Amino acid sequence: MNEQKNFSLKPMLLYFIGFIVLSVAIMTGLIYVLQHDSVKTITEIGNIYMEGISDKNVQHFETIVETRLDQLAEIGLNESRYDRERQDKRDEFFGDLR
């Protein structure tokens with residue numbers, strides 16, 4: 001009777017060990033695939049984010065340059081108005097002296 005018990009446990013033990021090995025192999029494969037996909041996804045998201053940041057920086061600096069050019073243009077207009085007023089006063093002053 002004892003031999004029959006041992007005989008029926010051996011195949012069951014072998015099936016169980018085979019099941020454990022197969023489960024570990026499947027889980028290892030899934031982990032590898034999911035990890036690879038995660039790295040790929042993170043890289044894609046990082047690239048999209050960096051492109052967006054780059055576009056924002058370009059827009060920011062374009063705005064700054066545009067603002068500075070507008071300021072320079074305004075300074076130039078004010079300076080030319082100031083020069084004309086000063087020239088008019090000078091002409092008026094020297095015109096009175098003549």
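Given the structure is predicted, the values throughout are model-derived calculations rather than measurements.

### Structural notes on the overall build of the protein
- Along the protein, the regular secondary structure elements total 1 helix and 0 strands.
- Put simply, the protein shows about 9700 Å² of open surface, and 65% of that area lies on carbon and sulfur atoms.

### Quick notes on a negative patch on the surface
- A cluster of like negative charges, contributed by Glu62, Glu66, Asp70 and Glu74, occupies part of the molecular surface.
- With relative accessibility at 40%, the residue Glu74 sits in the partly exposed group.

### Concerning a nonpolar patch on the surface
- Taken together, the side chains of Leu13, Phe16, Ile17, Phe19, Ile20, Val21 and Val24 make up a nonpolar region of the molecular surface, amounting to roughly 690 Å² of accessible area.
- By secondary structure assignment, the location of Ile20 is in helix H1 (residues 2–97).
- The exposure class of Ile20 is partly exposed, given its relative accessible area of 39%.

Scoring rules and cut-offs
- Residues numbered from 1 in each chain as written.
- Predicted model: local features only at pLDDT ≥ 70, side-chain atom pairs only at ≥ 80, totals over all residues.
- Heavy atoms only, no water.
- Helix = DSSP H or I, 4+ residues; strand = E, 2+ residues; numbered from the N terminus.
- Areas by Shrake-Rupley, 256 points an atom, 1.4 Å probe, with all protein chains shown as cover.
- Patch = residues over 30% accessible without salt bridge, like charges linked within 9 Å, V, L, I, M, F, W, Y side chains within 5 Å.
- Salt bridge = Lys/Arg side-chain N within 4 Å of Asp/Glu carboxyl O.
- Lys, Arg positive; Asp, Glu negative; His and termini not counted.
- Charge placed at Lys NZ, Arg CZ, Asp CG, Glu CD.
- Buried < 20%, exposed > 50% of the residue type's maximum accessible area, 1.4 Å probe, protein only.

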